[in-house]
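# Secondary and tertiary structure notes
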Amino acid sequence: MTEKIPPRLLWAARQLAFDDTADLLEVGCGHGVLAGLICENLSAGSLVAIDRSDKMVAVAQQRNAAQIAAGRVSFEVAALADADLGSRRFDRIFAVNVNVFWIDPRRELAAVRHLLNPGGQLDLFYEPPGMSQAQKIEMLIGEKLAACGFEVMARASEPLGQSLGIHVRAQPSDA
């Protein structure tokens, strides 16, 4: 039986629209489903996927064993604000349903600023359970990004079955 991919992950993969040579960082990779979709479109680029849960990283590694062997993706157990990625820098950093970005993202956005290449972008995706939450989360994301020195470059939303997908793209204001 073929696994059904959640619509929010299919939508996020389409919205990212990255260059196939890009270096990418996924924050909160969970089961590694989006990582697998992303790797299908990488030729010379690479993806580092992190998650705070060692259990989720183990599942993601198993799911994406062929992509790991091909050198397209690596998985690490780490929280974004504490991740030690050495000298690695990324063209795009993205996250799906990672709530810290609309709650209190100061440490995480400082890490994002440090990890982005010049001109790099942050993509945040959410699938709130209702329209009022979607509007609230989108507003809070904009406020938190601005307070931490990021400029919103684009916003998008799309119906995802019974819910609404939100996408906010930003980059450091001094980029």
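This part is about the overall build of the protein chain. Helix and strand counts for the protein chain stand at 7 helices and 7 strands. Secondary structure of the protein chain in N-to-C order comes out as α-β-α-β-α-α-β-β-α-α-β-α-β-β. Seen through its C-alpha atoms, the protein chain measures out along the principal axes to roughly 40 × 40 × 30 Å. Per-residue burial over the protein chain gives 46% buried out of 175 residues. Of the contacts formed within the protein chain by residues at least 6 apart in sequence, a portion of 68% connects residues at least 24 apart. Between the mean site of the 17 positive side-chain charges and the mean site of the 21 negative ones, the protein chain shows a separation of 4 Å.

Taking burial as the measure, the 10 residues of strand E7 (residues 163–172) include 10 buried ones, the bulk of the element. Sheet topology places strand E5 (residues 116–126) next to E7; 5 bridges connect them, and they run antiparallel. Bridging from a neighbouring strand, Asp123 pairs with Arg169 of E7. In this structure, strand E6 (residues 150–160) lies alongside E7, joined through 10 bridges in antiparallel fashion. By the bridge assignment for E7, Ala154 is matched with Arg169. A loop of 2 residues connects E6 with E7, the two strands running antiparallel in sequence, and Gly161 in this loop sits at a positive phi of about 70°.

Turning our eyes to something else, we now look at the layout of surface pockets. Size it by volume and the largest pocket reaches roughly 560 Å³. Looking at the lining of the largest pocket, the elements with two or more residues in it are helix H1 (7–16), strand E1 (23–27), helix H2 (33–39), strand E2 (46–51) and helix H5 (100–103).

It is possible for side chains of opposite charge to pair when their charged atoms get near one another. All chains considered together, the criterion is met by 8 salt bridges. Between Arg169 and Asp123 there is a salt bridge, with the nearest N and O atoms lying 2.7 Å from each other. With a gap of 46 residues between them, Arg169 in strand E7 and Asp123 in strand E5 connect regions that are remote in the sequence. Note that Glu138 and Arg155 form a salt bridge whose closest N and O atoms lie 3.5 Å from each other. Taken together, the residues Glu138 in helix H7 (residues 131–147) and Arg155 in strand E6 connect sequence positions 17 residues apart. One network of salt bridges, with partners in common, ties together Arg92, Asp123 and Arg169.

Here is what the cut-offs are and how they apply
- Residues numbered from 1 in each chain as written.
- Predicted model: local features only at pLDDT ≥ 70, side-chain atom pairs only at ≥ 80, totals over all residues.
- Heavy atoms only, no water.
- Helix = DSSP H or I, 4+ residues; strand = E, 2+ residues; numbered from the N terminus.
- Buried < 20%, exposed > 50% of the residue type's maximum accessible area, 1.4 Å probe, protein only.
- Contact = heavy atoms within 4.5 Å.
- Lys, Arg positive; Asp, Glu negative; His and termini not counted.
- Charge placed at Lys NZ, Arg CZ, Asp CG, Glu CD.
- Pairing = 2+ DSSP bridges.
- 1 Å grid on protein atoms, 1.4 Å probe; cavity = no way out; pocket = protein on both sides within 12 Å on 5 of 7 lines; lining within 4 Å.
- Points joined across faces, edges and corners; volume = space filled by probe spheres on them.
- Salt bridge = Lys/Arg side-chain N within 4 Å of Asp/Glu carboxyl O.

Don't take any of this as a statement about function, it's just geometry.
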